[in-house]
Amino acid sequence: MAAVNLRNVQKRFGDVTTLHGIDLDIAEGEFVVFVGPSGCGKSTLLRTIAGLEDITDGELKIDGIRVNELPPVKRGISMVFQSYALYPHMSVFDNMAFGLKLAGMNKVEYTPHVMRVAKVLQIEHLLERKPAALSGGQRQRVAIGRAIVQKPKVFLFDEPLSNLDAALRVQMRIEIARLHRELGATMIYVTHDQVEAMTLADRIVVLRAGRIEQVGSPIELYHEPANLFVAGFLGSPSMNCVQGKVAAIESIGVEIELPGKQKVRVAVDGKGAKVGDQVTLGVRPEHLHLVQEGNAIAATALALEHLGDASVLYLQAPGSDETLSARLPALTRIADGQKCLLGFKPEHGYLFRADGSAFRRLNPLAE
Ligand SMILES: Nc1ncnc2c1ncn2[C@@H]1O[C@H](COP(=O)(O)OP(=O)(O)OP(=O)(O)O)[C@@H](O)[C@H]1O
Ligand SMILES: [Mg+2]
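Please read these numbers as outputs of a predicted model, since none were measured by experiment.

Student: If you had to explain helix 5 (residues 166-183) to someone new, which residues and values would you point to?
Tutor: Here helix 5 spans 26 Å end to end across 18 residues, near enough to the 26 Å set by a 1.5 Å rise per residue. Every buried residue belonging to helix 5 is among L168, R169, M172, R173, E175, I176, L179 and H180, and all of these are buried. Of the surrounding elements, those touching the buried residues of helix 5 are strand 3 (31-35), helix 3 (107-120), helix 4 (136-149), strand 8 (186-190) and helix 6 (194-200).

Below, the structure written as structure tokens:
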């Protein structure tokens, strides 16, 4: 267990800057998840913490000690890659024992460690096999096992579950959460999977183009995103956004005029806004309902998808070519081209300024 502290960590490849000065404090035993679009620097950040990339500028501390100049093996970290990176010519047992052998242990010493971890991961019956004779999920377990036996202070995971099928991902996700509870180790985890991020993280770090956009608990980020980028990034289908203008500012919220003169109200603190300001209204798909009147957006149905437990209706937003989506009850029937009114509670709305920053929501956890 160890804290990880990054101060103004920068990474340049030639004249391309990939990390623009990352400041982040990860507490001992914390589970932190990095998310962000492809190419935003998640793997680079993880690799700089691991020592697989050197740091161009700034400082990295693990367990209170500056490690910028330390090679990976001296940092007390273990990394699990998406590609597993197992040694193909070695048995599962030898793959798992490899790091301990390198550290100078003999067979009598390392065998009990390997056996104990193999038991935890339920791969005892696979120890004599080579990686080629394992399923993807079994290989992933071996890769995680190889990381665990070394008892690192910090675990680094780079999309460890992305090659697995849906059922196995769920199983491994639960296993990783359990391991975190049992080992109490600091874990830093990169994923593109919203559910993994929301369920595993104590805190999520949202990255964009080499910069941190926001850091917070999953609930904070979901309900109180700092800006349009974070709001649109977390949630699936993503938040609906409609351009509009401030029509009135009241104590209970802000009234917005949408294209087509429709007006809706959002329960946000409108301090600092002026009537006529350009704003973006945000509403999550799960908060839209078909209504006859009220606080609602008019739109035209484009397509309806039945997911079994729910239906997702795609609509053409008013006065723009943006597509909206609404998560509706299963078996909803709507014809393509039908005009719809999508109602929402003012407390469920989000509002963003022209620069993308969010207005403070008055009741972010409203049901
Ligand atoms: N060795 C390298 N040399 C030059 N540029 C690199 C190198 N490694 C990464 N980059 C660049 O740095 C940027 C960030 O890459 P990185 O792999 O960290 O992204 P990522 O967030 O992990 O993306 P993904 O979600 O696709 O895995 C990219 O633009 C990438 O092309
Ligand atoms: Mg990556």
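Student: Give me the lowdown on the nonpolar core, citing residues and values where you can.
Tutor: Among soluble globular proteins, nonpolar side chains are generally buried collectively. M96, V114, I144 and Y189 are the most contacted members of the largest nonpolar core, which has 46 residues in total. With six residues, the single largest contributor to this core is helix 4. Beyond its immediate chain neighbours, meaning those up to four positions away, Y189 contacts F31, V32, V33, F34, F157, P160, L161, I176, E196 and L200. Among the nonpolar cores identified, the runner-up in size contains 28 residues, and V254, V279, V283 and L315 belong to it.

Student: Could you give an account of the site of ligand 1, with specific residues and numbers?
Tutor: Neighbouring ligand 1 are F13, T18, P37, S38, G39, C40, G41, K42, S43, T44, E159 and H192. In this structure, an oxygen atom belonging to ligand 1 sits 2.8 Å away from a side-chain N or O atom of S43. At 2.7 Å, a side-chain N or O of H192 approaches an oxygen atom of ligand 1. The fraction of the free accessible surface of ligand 1 (640 Å²) that becomes covered by protein chains is 57%. Ranked by residues supplied to the shell around ligand 1, first place goes to helix 1 (residues 42-50) with three residues. Here the residues of the shell around ligand 1 sort into three nonpolar, seven polar and two charged.

What counts as what
- Residues numbered from 1 in each chain as written.
- Chains lettered and ligands numbered in written order.
- Predicted model: local features only at pLDDT ≥ 70, side-chain atom pairs only at ≥ 80, totals over all residues.
- Heavy atoms only, no water.
- Helix = DSSP H or I, 4+ residues; strand = E, 2+ residues; numbered from the N terminus.
- Expected span 1.5 Å × (residues − 1).
- Buried < 20%, exposed > 50% of the residue type's maximum accessible area, 1.4 Å probe, protein only.
- Contact = heavy atoms within 4.5 Å.
- Core = buried A, V, L, I, M, F, W, Y, C linked by side-chain atoms within 4.5 Å.
- Near = heavy atom within 4 Å.
- Polar contact = N/O pair within 3.5 Å; in protein donor to acceptor, adjacent residues only side chain to side chain.
- Areas by Shrake-Rupley, 256 points an atom, 1.4 Å probe, with all protein chains shown as cover.
- Nonpolar A, V, L, I, M, F, W, Y, C, P; charged D, E, K, R; others polar.

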